[in-house]
Amino acid sequence: MLISTSRKPSQKTRKFCKNLAHATGSTSVNRGKMNMRELLLKALEVDEYNLAIVNEIKGNPSRISFYSNRGELLLTLLIGASEENEKMNIAPSQLKIVSEVDQLNVLKDILDMDLVVEAKENCILISESEDSVAKINFINKFGDKIKFQINVKKVLEVSND
């Protein structure tokens, strides 16, 4: 997946995109003046088949929109993010998804990862949350939960392909 930002992103949003790309084994690019078509072409150029665009409000990541390589909107999530500078120690090639939120199981197709019932390490853990739709945590190869977390406040669009 190619991860990019809205135009003129804050430093916090650019850092979020880099961390998300590192954690998922994706590619992150600075958008600059690229339009949607140019981003989709860039994704194909770097052998990525989906595109994620991170938008911001007041300098903080606030929405992730996932698109297919044909430009079709697959999923939009309103988010909040918490992150700190720390080594992630994730092996993206072995990453799996563990999900308690059926509505977000579509991420397995978008990220091209296996959906498993249980994993102790190297996984993306999508769990239910009291104050939001879900929490997305990353568990490293040592079984530790890293501080990079995405709080899903609302799911706006889900493709039912």
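What comes next concerns the included structure. Positions within a chain are numbered from 1, following the residues in the order the chain's sequence is written. In keeping with the predicted nature of the model, local features appear solely for residues at pLDDT of at least 70, side-chain atom pairs appear and are counted solely at 80 or more, and the whole-chain, interface and lining totals rest on all residues. Side-chain metrics in this entry use all non-hydrogen atoms of the structure; hydrogen atoms and water are not considered.

**Describing the overall build of the protein chain**
Logical step 1: Here a helix means four or more residues in a row that DSSP labels H or I, a strand means two or more in a row labelled E, and each is numbered from the N terminus. When you go through the protein chain residue by residue, the secondary structure sums to 3 helices and 10 strands.
Logical step 2: Start at the N end of the protein chain and walk to the C end: the helices and strands fall as β-α-β-α-β-β-β-β-α-β-β-β-β.
Logical step 3: As defined in this context, the radius of gyration uses C-alpha atoms, and a globule is described by 2.2 Å times the residue total to the power 0.38. Its C-alpha radius of gyration of 15 Å places the protein chain within 12% of the 15 Å reference for a compact globule of 161 residues.
Logical step 4: With the C-alpha coordinates aligned to their principal axes, the bounding extent of the protein chain is approximately 40 × 35 × 30 Å.
Logical step 5: Across the protein chain, the fraction of contacts at a sequence separation of at least 24, relative to all contacts at a separation of at least 6, is 55%.
Logical step 6: Per element, the accessible surface of the protein chain, about 8900 Å² overall, is 44% carbon and sulfur.
Logical step 7: Charge separation in the protein chain, taken as the distance between the mean sites of 23 positive and 22 negative side-chain charges, equals 9 Å. Here, residues are in contact when the closest pair of their heavy atoms is within 4.5 Å. Note that accessible areas follow from Shrake-Rupley with a 1.4 Å probe, and for residues the cover is restricted to the protein chains shown. The convention is simple: Lys and Arg are positive, Asp and Glu are negative, and His and the chain ends are not counted. A single reference atom marks each charge: NZ on Lys, CZ on Arg, CG on Asp, CD on Glu.

**Some remarks on empty space enclosed by the protein**
Logical step 1: A 1.4 Å probe that fits but cannot get out identifies a cavity on a 1 Å grid over protein atoms alone, an open set with protein on both sides within 12 Å along at least five of seven lines counts as a pocket, and a residue lines either if it has an atom within 4 Å of a point. Grid points are joined across faces, edges and corners, and a volume is the space filled by probe spheres set on the points. All chains considered together, the criterion is met by 1 cavity of 30 Å³ or more.
Logical step 2: Put simply, the largest cavity is a space of about 130 Å³.
Logical step 3: What lines the largest cavity is a set of 13 residues, among which Leu20, Phe66, Leu107, Ile136 and Ile150 lie closest to the centre.
Logical step 4: For the lining of the largest cavity, the secondary structure elements donating two or more residues are helix H1 (11-24), strand S4 (60-68), strand S5 (73-82), helix H3 (107-111) and strand S9 (134-139).
Logical step 5: Residues that form the lining of the largest cavity fall into these classes: 12 nonpolar, 1 polar and no charged. Gly is put with the polar residues, along with every residue not named as nonpolar or charged; the nonpolar set is Ala, Val, Leu, Ile, Met, Phe, Trp, Tyr, Cys and Pro, and the charged set is Asp, Glu, Lys and Arg.

**A look at the packing of aromatic side chains**
Logical step 1: Pairing of aromatic side chains requires ring centres within 6.5 Å, counting the rings of Phe and Tyr and the six-membered ring of Trp. Pairs whose planes differ by under 30 degrees are stacked, by over 60 edge-to-face, and all others tilted. Going through the model one piece at a time under the given rule, you end up with 2 aromatic pairs.
Logical step 2: Between the aromatic rings of phenylalanine 16 and phenylalanine 148, the centroid separation amounts to 5.5 Å while the plane-to-plane angle is 45°, which identifies the pairing as tilted. Of this pair, phenylalanine 16 sits in helix H1 while phenylalanine 148 sits in strand S10 (residues 145-158); the two residues are 132 residues apart in sequence, bridging distant segments of the chain.
Logical step 3: For the exposure calls, accessible area comes from a 1.4 Å probe over protein chains only, and a residue counts as buried if that area is under 20% of its type's maximum, exposed if over 50%, partly exposed in between. Residue phenylalanine 16 is classed as buried on the basis of its relative accessible area of 0%.
Logical step 4: Ring pairs connect the aromatic residues Phe16, Phe138 and Phe148, which therefore count as one cluster.

**Focus: the pairing of S9**
Logical step 1: A large share of S9 lies buried, amounting to 5 of its 6 residues.
Logical step 2: Note on pairing: DSSP must find at least two bridges between two strands before they are called paired. Relative to S9, strand S8 (residues 123-128) is paired through 6 bridges, and the arrangement is antiparallel. Bridge pairing links serine 127 to lysine 135 in S9.
Logical step 3: Where S8 folds back onto S9 in an antiparallel hairpin, the turn is made up of 5 residues.

**Some thoughts on the environment of lysine 141**
Logical step 1: Looking at the element boundaries, lysine 141 is found in the loop between S9 and S10.
Logical step 2: Judged by its relative accessible area of 44%, lysine 141 is partly exposed.
Logical step 3: A C-alpha to C-alpha distance of 9.1 Å links lysine 141 and glutamine 94, two positions 47 residues apart in sequence.
Logical step 4: Leaving out residues up to four positions away in the same chain, lysine 141 has contacts with Asn89, Glu121 and Asn122.

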